[in-house]
Amino acid sequence: MKLWATSDLHVSYQDNRDVVAAIEAPDPADWLIVAGDIGEKFAAVEWTLTQLSGRFAQVVWSPGNHELWTTKDDPNQARGEMRYKQLVELCRGLGVLTPEDPYAVFEGERGPVTVCPLFLGYDYSFRPPGATDVESALTIARDAGVVCTDEYFLHPDPYPSREAWCRARVAETEARLAAVTGPTVLVNHYPLVRDPTFVLRYPEFALWCGTTLTADWHKRFDVVEMVYGHLHIPRTTHYDGVRFDEVSLGYPREWKPRGTTRVKLHDVLRES
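In short, a report on the structure.

What counts and what doesn't
Residues numbered from 1 in each chain as written. Predicted model: local features only at pLDDT ≥ 70, side-chain atom pairs only at ≥ 80, totals over all residues. Heavy atoms only, no water. Helix = DSSP H or I, 4+ residues; strand = E, 2+ residues; numbered from the N terminus. Polar contact = N/O pair within 3.5 Å; in protein donor to acceptor, adjacent residues only side chain to side chain. Contact = heavy atoms within 4.5 Å. Buried < 20%, exposed > 50% of the residue type's maximum accessible area, 1.4 Å probe, protein only. 1 Å grid on protein atoms, 1.4 Å probe; cavity = no way out; pocket = protein on both sides within 12 Å on 5 of 7 lines; lining within 4 Å. Points joined across faces, edges and corners; volume = space filled by probe spheres on them. Nonpolar A, V, L, I, M, F, W, Y, C, P; charged D, E, K, R; others polar.

1. A word on the side chain of Asp 101
Following the sequence through the fold, Asp 101 ends up in the loop between helix H3 (80–94) and strand S4 (104–106). A polar atom in the side chain of Asp 101 sits 2.8 Å from the side chain of Arg 92. From its side chain, Asp 101 meets the backbone nitrogen of Thr 98 in a polar contact 2.9 Å long. Setting aside residues no more than four positions away along its own chain, Asp 101 makes contact with Arg 92, Val 96 and Arg 176.

2. Some remarks on the side chain of Thr 184
Tracing the sequence through the fold places Thr 184 in strand S6 (residues 184–187). The residues contacting Thr 184, other than those within four sequence positions of it, are Val 113, Thr 114, Cys 116, Phe 221, Asp 222, Val 223, Val 224 and Glu 225.

3. Details of the environment of Gly 39
Here Gly 39 is to be found in the loop between strand S2 (31–34) and helix H2 (42–53). Under the relative-accessibility criterion, Gly 39 is labelled buried at 0%. With 107 residues separating them in the primary sequence, Gly 39 and Val 146 have C-alpha atoms 21 Å apart. With near-sequence residues (within four places) excluded, Gly 39 lies in contact with Val 45, His 66 and Glu 67.

4. Things to note about the layout of surface pockets
As a volume, the largest pocket reaches approximately 390 Å³. In this structure, the largest pocket is lined by 16 residues; those nearest its centre are Phe 205, His 230, His 232, Tyr 251 and Glu 254. Residue composition of the lining of the largest pocket, by class: seven nonpolar, five polar and four charged.

Written as structure tokens, this is what we have:
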């Protein structure tokens, strides 16, 4: 019984749907973490989680930014928090754990460990040099030709801004994590520290990649591993002795050059 992880499946691409259709649990008792960005359409998220929840004993989901988009061609036009709540209800109907459910304890290989799916968002605090506030940071990014599509499709309703929604989520989640005892695996679409963004081809994009409010969480909450996606740069790094793993599949143009036709599921609790 193992704990596996993947993210950024982006099933709007047929090649990615084919890859997802081929995912199998090495053991029927295994768990799977999906760290966000399944797709943009509500139906695509439903299709993917239906497939995966039927193959793994337990699926654990944290939302990415793409699930929260409201695009004109999606029959579901729910926005912001309402869309998130609808996704949570979808997951619950499939038996998939979400950031709104009690954190579950994985009792399998190298457990027990509490698996904590998080939904935190970002607050534009990963700012480029010379930025003094959110507006100046966004101006620098726009001048560099870098604007995340979230600016058009990810709505914070009913919050006045994405950063306000992020601050509310951080405060609520921090209180929940403080009540957890024992080792944890923290799962979030974005890394909890800024360091992984330093290798981005376009460093200004870091604005849409997390918040400085979580910079010490890996030290505070007995974290054995932090699982994230979003950057489409799958790799392992360590900060303060804690392992951070980016587990994304990414777009076909990114994973095809690696020569793979299957998702390489990440072994979360591996020894090295």
